[in-house]
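# Coordinates in review
Given next are the chains, with one letter for each unit.
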Amino acid sequence: MEKTPSYFVTNDAPKRIHSMARDTKLIIVVRNPVTRAISDYTQTLSKRPEIPTFEVLAFKNRTLGLIDASWSALRIGIYALHLESWMQYFPLSQIHFVSGERLIVDPAGEMAKVQDFLGLKRIVTDKHFYFNKTKGFPCLKKPEDSSAPRCLGKSKGRTHPKIDPDVIRRLHKFYKPFNMMFYQMTGQNFQWELDEKQ
Ligand SMILES: Nc1ncnc2c1ncn2[C@@H]1O[C@H](COP(=O)(O)OS(=O)(=O)O)[C@@H](OP(=O)(O)O)[C@H]1O
């Protein structure tokens, strides 16, 4: 097993993985591309605080409302585009999609589906998780290698900067057709459009 988020968006990855092991099972965690972009930006900002604001980077021309789809934080969220390359090499039956949103509210439920996909017994269940109020996320009650509970590190679940709501709206609009295409390709509706109404 190996995990690297950037595989999903790396041009050569599907072909290379296929030529190495064509029966590889692929698991992809996806979340609302707008939140994903802000999360990505937050991560870069923590390493390079001098970068321009999210609002500046998101547009080629803000007055014209022209989104900069070449900015990697935004491009990565065009899931349909990336999935298309994987589907040239792997059947959908070998690809499992985890909802990033569901993973937070129901980690055991998402893990049950992952275990089923991998043909494993459902060993990881509800009893392995608890909600840590300080962290604001689910954590493991007792990992295999220790007796202490364990949450993900400080770089996971960071507070996002406040982004201009108008920019958020424009991004939702930008992603909508790509999201629809993605739902159609996967046969799963991730319901990211509901976030627009909040
Ligand atoms: N249990 C739990 N604890 C903490 N964080 C959780 C958890 N489940 C999902 N998430 C979400 O994971 C996001 C970080 O994952 P990344 O994709 O950035 O990780 S990585 O790229 O593989 O390093 C991170 O994104 P941010 O909130 O933007 O930091 C979280 O929303």
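As annotated in an unreviewed UniProt entry, the protein is Sulfotransferase from Megalops atlanticus. The Sequence similarities (unreviewed entry) comment attached to the protein in UniProt states, word for word, "Belongs to the sulfotransferase 1 family."

## Looking at the state of the cysteines
For the coordinates displayed, the defined rule picks out one disulfide. Shown here is the disulfide that connects Cys-139 with Cys-151, its sulfur atoms set 2.0 Å apart. Looking down the S-S bond of the Cys-139 and Cys-151 bridge, the torsion is 100°, so its handedness is right-handed. Residue Cys-139 is located in strand E6 (residues 137-140), and its partner Cys-151 is located in the loop between E6 and helix H8 (165-186); the two are separated by twelve residues in the primary sequence.

## Details of the side chain of Ser-99
Within the fold, Ser-99 resides in strand E4 (residues 95-99). Relative accessible area serves as the criterion here: at 8%, Ser-99 is assigned to the buried category. Here Arg-102 takes part through its backbone nitrogen, which lies 3.0 Å from a polar atom of the side chain of Ser-99. Contacts of Ser-99, omitting those with residues within four sequence positions, involve Val-30, Glu-110 and Phe-190.

## Remarks on the pairing of E4
Summarising burial for E4: five of the five residues are buried, a large majority. With burial as the criterion, each face of E4 is covered, one bearing Ile-95, Phe-97 and Ser-99 and the other bearing His-96 and Val-98. Relative to E4, strand E1 (residues 26-30) runs parallel, the two sharing five bridges. Bridge pairing in E4 links Val-29 to Val-98.

## Things to note about H8
If you check H8, its first and last C-alpha atoms are 29 Å apart, about what 22 residues at 1.5 Å a residue would give, namely 32 Å. Along its length, H8 shows its largest kink, about 40°, at Lys-176, and proline Pro-177 lies within four residues downstream of that point. Every buried residue of H8 is listed here: Val-167, Leu-171, His-172, Phe-174, Tyr-175, Asn-179, Phe-182, Tyr-183 and Thr-186. By the N-cap criterion, in which a side-chain oxygen at the helix start approaches the backbone nitrogen of a residue two or three places on, H8 is capped by Asp-164, the distance to Asp-166 being 2.8 Å. Note on H8: the residue one or two positions beyond its end, Gly-187, has a positive phi of about 70°.

## Comments concerning a nonpolar patch on the surface
A cluster of nonpolar side chains, Ile-27, Leu-118 and Leu-120, forms an exposed patch at the surface whose accessible area comes to about 250 Å². Among the secondary structure elements, Leu-120 is positioned in the loop between helix H7 (107-117) and strand E5 (129-132).

## A few points about helix H2 (residues 33-47)
Relative to the 21 Å expected for 15 residues at 1.5 Å per residue, H2 spans 21 Å between its end C-alpha atoms, a close match to the ideal helical length. Listed as buried for H2 are Pro-33, Val-34, Arg-36, Ala-37, Ile-38, Asp-40, Tyr-41 and Thr-42. In the core, the buried residues of H2 are packed alongside helix H3 (54-57), helix H4 (72-75), helix H5 (79-87) and H8. Near the N-terminus of H2, the side chain that reaches the backbone nitrogen of Val-34, with its oxygen 2.9 Å away, is that of Asn-32.

## Focus: the pattern of salt bridges
Considering all chains together, one arrives at nine salt bridges under this definition. Between Asp-40 and Arg-36 there is a salt bridge, and its shortest N-O distance comes to 2.6 Å. Remark: Arg-36 and Asp-40 occur in helix H2; sequence separation between them is four residues, near one turn of the helix. The pair formed by Asp-40 and Arg-36 is uniform in burial state, with each residue classed as buried. Salt-bridge contacts for Asp-164 lead to Arg-62; the nearest nitrogen and oxygen are separated by 2.7 Å. Taken as a pair, Asp-164 in the loop between E6 and H8 and Arg-62 in the loop between strand E2 (59-61) and strand E3 (66-67) lie far apart in primary sequence, 102 residues in all. By relative accessible area, Asp-164 is classed as partly exposed at 26%. According to the relative accessible area criterion, Arg-62 is partly exposed, its value standing at 36%. Sharing partners across several salt bridges, the network here consists of Asp-166, Arg-169 and Arg-170.

Reading the values: the criteria
Residues numbered from 1 in each chain as written. Predicted model: local features only at pLDDT ≥ 70, side-chain atom pairs only at ≥ 80, totals over all residues. Heavy atoms only, no water. UniProt positions renumbered as here; feature names shortened; annotations may be inferred. Disulfide = S-S within 2.5 Å. Helix = DSSP H or I, 4+ residues; strand = E, 2+ residues; numbered from the N terminus. Buried < 20%, exposed > 50% of the residue type's maximum accessible area, 1.4 Å probe, protein only. Polar contact = N/O pair within 3.5 Å; in protein donor to acceptor, adjacent residues only side chain to side chain. Contact = heavy atoms within 4.5 Å. Pairing = 2+ DSSP bridges. Expected span 1.5 Å × (residues − 1). Bend = angle between axes of the 7 residues up to and from the residue. Patch = residues over 30% accessible without salt bridge, like charges linked within 9 Å, V, L, I, M, F, W, Y side chains within 5 Å. Areas by Shrake-Rupley, 256 points an atom, 1.4 Å probe, with all protein chains shown as cover. Salt bridge = Lys/Arg side-chain N within 4 Å of Asp/Glu carboxyl O.

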